[in-house]
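Close look at the chain arrangement
One-letter residues, chain by chain:
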Amino acid sequence: MGAQTRVYKRRIKSITSTKKITKAMEMIAASRIIKAQRQVAASTPYATELTRAVTAVATGSNNRHPLTTEAENPTRAAVLLITSDRGLAGGYSSNAIKAAEALTARLTAEGKEVDSYVVGRKGVAYYGFRDRKVTDSWTGFTDSPQYADAKMVAAPLIEAVSKDTAEGGVDELHIVFTEFVSMMTQNALDDRLLPLSLDRAVEGTEDEGKGHEIMPLFDFEPSAEDVLDALLPRYVESRIYNALLQSAASEHAARRRAMKSATDNAEDLIKSLTRLANQARQADITQEISEIVGGANALADANAGSD
């Protein structure tokens, strides 16, 4: 076997091993998407109804709660970025990071100081490599988040929103995550969680099929402010949990698509290398035949001359 043929054989063997890995990762991601989709479908109605409840309480009370009232001159904002713990998911994490960078630039242009909170090792590595400050970060659960993880992430954010800016608090809370639209489409979005925009919340309930529903009037015990104090942490936790689930489903879909593309590319490369290996082997055979024929002719000529 010629040297060139051996090189092609080694490359084919190496690419075949890589193809087995990418195919396995594709199948694992595909199996996890179904579970993630079910979790998203199960959590979305709760988050939607809880938003409606907070909106109803806020609109039905005479005194506006600080967490649902726009600050006259907001100076600080918190941005929660959700990325992945692992790579090999195409542009999933980079698209979310780009959306967070655009949001940070917009808030900075408005004169607001931005505190960054990051979920996922990819986002942590991005900020760490650029030596940029991260107020808090969490890793280890992005591909399968639980409600306890959402509560853990929400706790410091709620505390920051509850504080005055002079004490290190923030006036606004934004979240950047990847919305799962379909197996082929995932969009990096930014959304403001707090202060809750009542107009947008009402529009959201209309989009869910509620129509132009008139919010009822309520009597509150002990007070509307106490009710909001109890509801708003649940609201933030549910919205963050839904964003984590949407991001997890998007991550699995992006990884499946990336691994399928890698598997297809490996198959094409194996076909191309196999064709080149066959050509090299044929060239080696042709050369060997030519050498044998040439040697036989030279021997025949030598025997004829001796006669």
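A short tour of the structure in this document, coming up. (Residues numbered from 1 in each chain as written. Predicted model: local features only at pLDDT ≥ 70, side-chain atom pairs only at ≥ 80, totals over all residues. Heavy atoms only, no water.)

**Let's talk about the side chain of Arg192**
Put simply, the rule is: Note on conventions: DSSP H or I runs of at least 4 residues are helices, E runs of at least 2 residues are strands, and numbering of each starts at the N terminus. We define a polar contact as two N or O atoms separated by no more than 3.5 Å, with the added condition that, inside protein, one atom must be a possible hydrogen donor and the other a possible acceptor, whereas residues neighbouring each other in sequence contribute only through side-chain atom pairs.
Position of Arg192 relative to the elements: it lies in strand E5 (residues 186-194). A polar atom in the side chain of Arg192 sits 3.1 Å from the backbone oxygen of Pro195.

**Regarding the pairing of E5**
What counts, and what does not: For two strands to pair, DSSP has to find at least two bridges joining them.
Taken together, the eight bridges between strand E4 (residues 172-180) and E5 define a ladder with antiparallel strand orientation. Within E5, the residue paired with Phe177 across the bridge is Leu189. Between E4 and E5, which pair antiparallel one after the other, the connecting turn spans five residues.

**Overview of the sheet that holds E5**
For the record, the criterion: For helices, the fitted axis covers only the stretch in contact; all axes are lines through C-alpha atoms, and the angles between them, taken along N-to-C directions, range from 0 to 180 degrees. The contact criterion used throughout is that any non-hydrogen atoms of two residues lie within 4.5 Å.
The five strands lie next to each other as E3-E2-E1-E4-E5, forming an open sheet whose pairing is mixed. Whereas interior strands pair on both sides, the edge strands pair on one side only; in this sheet they are strand E3 (136-138) and E5. If you compare each strand with its neighbour and ignore which way they point, the axes differ by 20° on average. Relative to the sheet, helix H4 (residues 147-162) contacts strand E1 (76-82), strand E2 (113-119), E3, E4 and E5, its axis offset from that of E3 by approximately 165°.

**Some remarks on the pattern of salt bridges**
Our working rule: Salt bridge, as used here, is a side-chain nitrogen of Lys or Arg placed within 4 Å of a carboxyl oxygen of Asp or Glu. Exposure classes here rest on a 1.4 Å probe applied to the protein chains alone. A residue is buried below 20% of its type maximum, exposed above 50%, and partly exposed in between.
The tally for this structure, following the rule as stated, stands at 14 salt bridges. Across the salt bridge formed by Glu251 and Arg255, the nearest N and O atoms sit 3.1 Å from each other. Of the two residues, Glu251 and Arg255 are both situated in helix H6 (residues 224-306); the distance of four residues between them amounts to about one turn of the helix. For the pair shown, Glu251 and Arg255 are each scored as buried. Each of Arg76, Glu113 and Asp115 takes part in a single network of salt bridges with overlapping partners.

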